[in-house]
Amino acid sequence: MLLVGASAAGAGLVRNPFFTAQGWVVDQPVPFSHKHHVQDDGIDCRYCHTGAETRADAGLPPTHTCMTCHSQLWTDAAVLAPVRQSYATGKPLVWHRVAQLPDYVYFDHHVHVKNGVACVECHGRVDKMPLTWRAKAFTMDFCVDCHRNPQKALRPPQMVTRMDWSGVNPDLLKEYGIRIAGHKGLDPNRLTNCETCHR
Amino acid sequence: MSGADSLELWQQRFPALDLRRRDVLKTLGATLALAGLDGCAREADETAMPFVNDPEGGPSAEKHYATAVELDGIGQPVIGICRDGRPVKLEGNANHPASQGATDAFTQAALLGLYDPARSQTPMRQGAPSTWGEAEAALFDLARQLDGSGGAGFHLLTGPVGSPTLLRQIAALRTRWPGMRWHVHAPLAGEVPQAVLPLDKVEVLVVLDADPLGPGPLQTIQARGWSARRRAYQKGQGSALVYVAEPVPTLTGAIATQRLPVRFGRIATLLAALEQRLSGGSGGEQLDAHEKAWVDAVAAGLSRHKGAALVALGSHHPPMLHAQVAALNASLGAPAPLAQAPTNADASDVASLVAAMRGGEALSVLVLDSNPAYSTPPELGFAQAFAKVPLRLHAGLHADETAALAHWHLPLAHLLESWSDTRCADGSASVVQPLVRPFFDVRSRHEMLALLAGDRTTGRGLVQGTWKASDADQRWQQALLRGIVEPSPLAGQGGAPSGAEGEGSAAPAVARAADPSPNPLPQGERASEGLDLVILPDPTIHDGQFAHNPWLQELPKPLTQLTWDNSVQLSPQLAERLGLENEQLAELSLGGAKVTGPVWIVPGIAEETVLVHLGYGRRAGGEVGKGAGFDAYPLRSLAAPWRRTGAHLTRHEGSRTLATTQPHTTMAGHDFVKLVDRAGDGLPKEPPKPSMYPPQKKTDGLAWAMAIDLDVCIGCNACVTACDAENNIPMVGREQVHKGRAMHWLRVDHYADGPQDDPQLTFQPVPCMHCENAPCEMGCPVNATVHSPDGLNLQVYNRCIGTRTCSAFCPYKVRHFNWYDFTRDDPPVLRAARNPEVTVRDRGVMEKCTYCIQRIEREKIDADADGRPMGEVKTACQQVCPTSAIVFGNIADAESEVSQRKADPRDYALLEDANTRPRTTYGARIKGGSA
């Protein structure tokens, strides 16, 4: 009895945001607002996260990228002082990671983006985040659910950065997912193999 | 022990604890509950620090640079794989003719030399830290002084120099200071310069007390050549016969078609007999039955293959014998050598430096990247003479034995972080470009000499000066991309002689003249009293320069499988006669020199012969090699540094445990290494044994497998070192190796079967077999080892709980357990050396060869993202093998090289009776070599 109860409690606790950091705003040196930059200004994800469709890690923008605009805009803002300081001194900004996976997971970003997994599937409605938090619990079952069922997350690659899919016919999306998964030969047996993520 | 008893015991030991049965059970229950949560601890928050300006290609781009490292002054071309701005792996340069993509163990381990925590970081003056400002002031003072005196009393001592820029700088200094003298200390030099043999053209190779395929700067190019000829023989194109006569087993002797163990004093007799047989005489009067049979076979082989036959003599033999061999080669029409190792003919030797120092003529001495206080025989008296010099400067990577005696120790940069150039084995010149900005305050060897000349040009400027190039020069950019700035002078020719000394021109009359040589190498068969002593550089530590490199210390030496120590090696016959056993200490004395070391019995050593290796017994330069082995340099004499007679060996009290990775030397009647008689022969094929498991599906046209051709494996251990470098293998130390806990994922087994005084020597690299019916997968209680659809046996570290069942079930014993956290205390500089693509394993998990899964996954992911089919994947071991013995690939593709190897009738699986259906199979060794 004790064991069963403990296991159930344990299972619940594992998915608790205390462990998964889901929904918790992470403190940053600069209070960067994705809501402002994405929704208000319309900047594409890849302008800053250049590795998203080319490399294993999407990466964070170098200070230079911030300064492409902020050398002209808000040049005296106090909140942007660390950015200007970084650019002037050559010392990098120290960000605190939000979308962080354990070291024993070898995640490759660009193979997901190239195959059409939309940014919003894993990162949530970033365009609605005035400060950044982890939208999904990056537990193993979050990844494996999709690897078992890739068709539910695939979108046309040119629309991969689209945040709001509510206006699109869900049946159309489902049809697209099934067809494209079939066309690419995405086999859940292969995708759920240990070597895919753990070397 | 029952529960009640243990409770009693606990209550006795800790009376303050009030232990009651119910309370204990409650605590146990609660622990179980918490145990479920324990594995889900919150990940520590990480920070991310992007660049201020991204470098070209993106922040984490992998960059490849063509460069080279040096061994004994000869360049070893490599491609440096750089991640995050620093090298994490060295690969061979496939475009470079000297290596064609292969490297040797020393080159692979050079990477760790760059990240050595024991490297000097700052100039030292009389043992106390100083600054470059002060050092430069001292150098400028010296330069001014030398300008005034025309260089009188200044001596420069270097190792063998092949670098064109260094030669130019030294020549410039000598022009400026005519009174200066340049000395070269080459501890591994022989009597005559070593020729690079064209083994791909040689169908009959006769090796007399030499080791062309053995460890050294010429191993890669010569092994490539020999294996090309051997492979042609396998296909039925000509012969590949190797006849070896040697006093101790070597790698060349191991691959020989006919090996004759013989005392080194007999070499001259054998050569004379051979010459007589070839000129029609009988020539067998002074030979015993074995020797006669060998000479007969050699004579027959040579006569049948004129024009494609070559006789090679060890470079330590006297010039007279070399003249004889040269004449013989000329009469056989032997192919000319590819090149000669650098000789630095216009430099004096270290003995003349000692004479100058002792005589008081030397007023200032600069030792540049050399360690004569360690690597000269004490008979020479280097240390005492050095102490007399008023100004002693040492420039080197470590504060070694010579630095301890110098006034100034100036830290040199490693070649992997310097601009330089070098001459490779085939005579071509390559530019050495840095793979990382130096992380210590060091200067390159060129910048060092330039400082002496009062020149502040950077290394890059100095090298460009030699080649009259600038950054904008198209030719310079091409040289950096390809890795060659000047092709070999013999490139494209049929192999014209390159001004060789001692090969191809001496007349037989010279050979027959009376020999006034002072070399006491005994000729003829009158054996001196006492034992023959053979002194060789250590197979993994070389002349001592790698004593503080853990990868090389823990690399099992090919013919003994010993690590972390050298030993006094004898034949079983001699051991029995003297009543000595393995690990017992023995005292070896010769002349006035006495060394004590542990005995190791090695089948294949000639009778009455003792073998010791140089390079151990280091007294400074790092902590890794301290206390390892004994110093054998005292046994060398100036007249006879490699072979001596009149040694005495007696039992010394005590013993020393030697850490070997393979205590058994024979196959004990099994056939792990299978042999066939001649090319074209196959092994009897048996139908597969019944199995209750379904056959492995070959899904998606992808089925990984490996084939290892034992006919061309020379046991060089390049593959093992490459695997260590690629997969972040921890080094465990002597004690753990002795317990059988060495962590090398790939091991090269060595067997000496048959009569122990003349054994059949074989090598067998053993990686994970990736069995289709893997016993380890059946045994793992938590499914940490599973089979992938493409045929790999996977090891998932984060699932492993360390029961070690898999290792118990594995019949090949290729699994290794992390008994301790081997990497916890690693300093940051050592962490930087690791490959970021491979997990660094923690204590308590099992690990094993993964068929380089990181390389497979990288290619798979890139192919998927690019929408193209998968390309070729080369495992680390395959990539460096100089003989291409190891081939990895996709057996679902019938055209792939691995499929062709497996279709060969020589292909077989190790431990076939175990019915594990391994994906790693072997090609049987062919005993013969005659077409």
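A. Quick look at the overall build of chain A. Counting its regular elements, chain A contains 11 helices and 1 strand. For chain A, the proportion of its 199 residues judged to be buried stands at 36%. A separation threshold of at least 6 residues defines the contact pool for chain A, and within that pool the share at least 24 residues apart is 68%. Total accessible area on chain A is roughly 11,200 Å²; 61% of this is exposed by carbon and sulfur atoms. The distance from the centre of the 21 positive side-chain charges to the centre of the 18 negative ones in chain A is 2 Å.

B. Structural view of the overall build of chain B. The secondary structure content of chain B amounts to 27 helices and 40 strands. On C-alpha atoms alone, chain B measures out to a radius of gyration of 29 Å, which is about the 30 Å that the 2.2 N^0.38 rule sets for 931 residues. The dimensions of chain B, computed from C-alpha atoms along their principal axes, are 95 × 70 × 65 Å. Of all 931 residues assigned to chain B, the portion counted as buried reaches 59%.

C. Representation of the interface of chain B and chain A. With 50 residues of chain B at the interface, the matching set in chain A holds 45 residues. Taking both sides of the interface into account, the surface hidden between chain B and chain A amounts to around 4,000 Å²; carbon and sulfur atoms contribute 57%. For the pair chain B and chain A, the interface holds 4 salt bridges. Across the pair Lys 860 of chain B and Glu 195 of chain A runs a salt bridge whose closest N-O atoms are separated by 3.3 Å. The interface formed by chain B and chain A holds 12 residue pairs in polar contact (both at pLDDT 80 or more) in total. Taken together, the elements giving at least two residues each to the side of chain B that touches chain A come down to α2 (21-38), β1 (47-48), β33 (785-787), β34 (793-795) and α25 (853-866) of chain B. A breakdown of the residues in the side of chain B that touches chain A according to their chemical character gives 24 nonpolar, 13 polar and 13 charged. Pairing geometry for strand β1 (residues 95-96) of chain A and β1 of chain B, over 2 bridges, is antiparallel.

D. Inspection of the pattern of salt bridges at higher detail. Scanning the model with the defined rule gives 58 salt bridges over all chains in all. We note a salt bridge from Arg 125 of chain B to Glu 134 of chain B, for which the minimum N-O separation is 3.7 Å. For Arg 125 of chain B, a relative accessible area of 41% puts it in the partly exposed group. One salt bridge in this structure joins Arg 868 of chain B and Asp 866 of chain B, with 3.6 Å as the shortest N-O distance. Given a relative accessible area of 34%, Arg 868 of chain B falls into the partly exposed group. Within the structure, one salt-bridge network assembled from shared partners comprises Arg 190 and Glu 195 of chain A together with Asp 790, Glu 857 and Lys 860 of chain B.

E. Geometry of the sheet that holds strand β6 (residues 128-129) of chain B. Residue and element names in this part refer to chain B. Taken together, 8 strands build an open sheet; the order of strands is β6-β5-β18-β17-β16-β7-β8-β15 and the sheet is mixed. The sheet is open, and its two borders are formed by β6 and β15 (348-349), each paired with just one other strand. Pairing of strand β17 (residues 391-396) with strand β18 (residues 408-411) involves 4 bridges; the strand directions are parallel. Residue pairing for β18: Ala 395 is matched across the bridge by Leu 410.

F. Structural view of the confidence of the model for chain B. Residues and elements named next belong to chain B. Overall, the predicted model of chain B reaches an average pLDDT of 90, with 91% of residues at or above 70. Note that residues 493-527 has pLDDT below 50 and, in this model, 50 contacts with residues that lie over four places away or in other chains. Our summary of model confidence lists the complex with pTM equal to 0.91 and ipTM equal to 0.93.

G. Main features of the pairing of strand β3 (residues 74-83) of chain B. Residue and element names in this part refer to chain B. With respect to burial, β3 is a largely interior element, 10 of its 10 residues being buried. Side chains Ile 74, Gln 76, Val 78, Gly 80 and Cys 82 of β3 all project onto a buried face; the interleaved residues Gly 75, Pro 77, Ile 79, Ile 81 and Arg 83 project onto the opposite face, where all are buried too. When strand β2 (residues 62-71) meets β3, the two strands line up antiparallel, connected through 10 bridges. Bridge pairing links Ala 68 to Pro 77 in β3.

H. Structural view of a negative patch on the surface. A surface patch of like charges, here negative, comprises Asp 288, Glu 607, Asp 757 and Asp 758 of chain B. Along the chain, Asp 757 of chain B falls in the loop between β31 (747-753) and β32 (760-766).

I. View of unusual backbone geometry. Residue and element names in this part refer to chain B. At Gln 100, a residue that is not glycine, the phi angle is positive and equals roughly 50°. Take Gln 100: it is sitting in the loop between β4 (86-92) and α3 (105-114). Overall, the relative accessible area of 45% leaves Gln 100 in the partly exposed class. Positive phi, close to 60°, is recorded for Trp 564, a residue that is not glycine. Structurally, Trp 564 can be placed in the loop between β22 (562-563) and β23 (568-570).

J. Inspection of the sheet that holds strand β39 (residues 920-923) of chain B at higher detail. Residue and element names in this part refer to chain B. Strands sit in the order β37-β30-β39-β38 across an open sheet of 4 strands; the sheet is mixed. Only two strands of the sheet have a single neighbouring strand rather than two, namely β37 (886-890) and β38 (907-908). Judged from the 4 bridges that link them, strand β30 (residues 704-709) and β39 form a sheet pairing that is parallel. Within β39, the residue paired with Ala 707 across the bridge is Thr 921.

K. Region of the structure containing the packing of helix α8 (residues 267-278) of chain B against helix α9 (residues 289-304) of chain B. Residues and elements named next belong to chain B. α9 packs onto α8 with a crossing angle of 50° between their chain directions and a minimal axis gap of 9 Å. Taken together, α8 and α9 sit at an angle that is classed as oblique. The hand of the α8/α9 crossing is right-handed. Of α9, the residues touching α8 (which contributes Leu 270, Ala 273, Leu 274, Arg 277 and Leu 278) are Glu 291, Trp 294, Val 295, Asp 296, Val 298, Ala 299, Leu 302 and Ser 303. Its residues placed into classes, the contact of α8 with α9 shows 9 nonpolar, 1 polar and 3 charged.

L. Here's a closer look at the nonpolar core. All names here are of chain B. Formed by 123 residues in total, the largest nonpolar core has its most connected members in Trp 226, Trp 704, Tyr 851 and Tyr 922. It is α3 that contributes the most residues to this core, 7 residues altogether. Apart from the residues within four sequence positions on either side, Trp 226 is in contact with Leu 199, Asp 200, Leu 213, Val 242, Ile 255, Asp 711, Val 712, Ile 714 and Thr 883.

M. Just helix α5 (residues 164-176) of chain B, in detail. Residue and element names in this part refer to chain B. For α5, which comprises 13 residues, the first-to-last C-alpha distance of 18 Å matches the rise-based estimate of 18 Å (1.5 Å per residue) to within 8%. Listed in full, the buried residues belonging to α5 are Pro 164, Thr 165, Leu 166, Gln 169, Ile 170 and Leu 173. The secondary structure elements touched by the buried residues of α5 are β7 (154-158), β8 (181-184), β16 (364-368), β19 (420-423), α14 (445-452) and α15 (459-467).

N. Geometry of the packing of aromatic side chains. All names here are of chain A. Counted according to the given criterion, the structure contains 16 aromatic pairs over all chains. By way of ring pairs, the aromatic residues Phe 18, Phe 19 and Trp 24 are connected into one cluster. The ring centre of Trp 165 lies 5.2 Å from the NZ or CZ of Arg 162, which sits over that ring.

O. Examining the packing of α5 of chain B against α15 of chain B more closely. Residue and element names in this part refer to chain B. Relative orientation of the contacting elements α5 and α15 amounts to 90°, with a least axis distance of 9 Å. Viewed along their axes, α5 and α15 adopt a mutual orientation that is roughly perpendicular. Counted together, Pro 164, Thr 165, Arg 168 and Gln 169 of α5 and Leu 462, Val 463, Gly 465, Thr 466 and Trp 467 of α15 form the full contact between these two elements. Taken together, the residues of the contact of α5 with α15 sort by class into 4 nonpolar, 4 polar and 1 charged.

P. Seen up close, the side chain of Gln 100 of chain A. On the secondary structure map, Gln 100 of chain A appears in the loop between β1 and α7 (109-115). Within polar-contact distance, the side chain of Gln 100 of chain A engages the backbone nitrogen of Glu 46 of chain B at 3.2 Å.

Q. How the structure looks around a nonpolar patch on the surface. Together, Met 692, Tyr 693, Met 778 and Phe 809 of chain B make up an exposed nonpolar region whose accessible area comes to about 510 Å². Its place among the elements puts Met 778 of chain B in helix α22 (residues 775-779).

R. View of the pairing of strand β11 (residues 241-246) of chain B. Residue and element names in this part refer to chain B. Counting buried positions along β11 gives 6 out of 6 residues, so the element sits mostly inside the fold. Here strand β10 (residues 204-208) pairs with β11 via 5 bridges, running parallel. Residue pairing across strands places Leu 205 opposite Val 242, the latter belonging to β11. In this view, the connection linking β10 to its parallel neighbour β11 by way of helix α6 (residues 219-234) has right-handed handedness. As judged from the 4 bridges shared by β11 and strand β12 (residues 258-261), these two strands associate in the parallel manner. Residue pairing for β12: Glu 246 is matched across the bridge by Pro 261.

Conventions we followed
Residues numbered from 1 in each chain as written. Chains lettered and ligands numbered in written order. Predicted model: local features only at pLDDT ≥ 70, side-chain atom pairs only at ≥ 80, totals over all residues. Heavy atoms only, no water. Helix = DSSP H or I, 4+ residues; strand = E, 2+ residues; numbered from the N terminus. Buried < 20%, exposed > 50% of the residue type's maximum accessible area, 1.4 Å probe, protein only. Contact = heavy atoms within 4.5 Å. Areas by Shrake-Rupley, 256 points an atom, 1.4 Å probe, with all protein chains shown as cover. Lys, Arg positive; Asp, Glu negative; His and termini not counted. Charge placed at Lys NZ, Arg CZ, Asp CG, Glu CD. Rg over C-alpha atoms; globule rule 2.2 N^0.38 Å. Buried area = accessible area lost by both parts, 1.4 Å probe. Salt bridge = Lys/Arg side-chain N within 4 Å of Asp/Glu carboxyl O. Polar contact = N/O pair within 3.5 Å; in protein donor to acceptor, adjacent residues only side chain to side chain. Nonpolar A, V, L, I, M, F, W, Y, C, P; charged D, E, K, R; others polar. Pairing = 2+ DSSP bridges. pLDDT = per-residue confidence, 0-100. Patch = residues over 30% accessible without salt bridge, like charges linked within 9 Å, V, L, I, M, F, W, Y side chains within 5 Å. Axes fitted to C-alpha atoms, helices over the stretch in contact; angles between N-to-C directions. Parallel < 35°, antiparallel > 145°, perpendicular 65-115°, else oblique. Left-handed = near helix turned anticlockwise from the far one by under 90°. Core = buried A, V, L, I, M, F, W, Y, C linked by side-chain atoms within 4.5 Å. Expected span 1.5 Å × (residues − 1). Phe/Tyr/Trp six-rings, centres within 6.5 Å; stacked < 30°, edge-to-face > 60°. Lys NZ or Arg CZ within 6 Å of the ring centre and 35° of its normal. Right-handed = clockwise from strand over helix to strand, strands pointing away.

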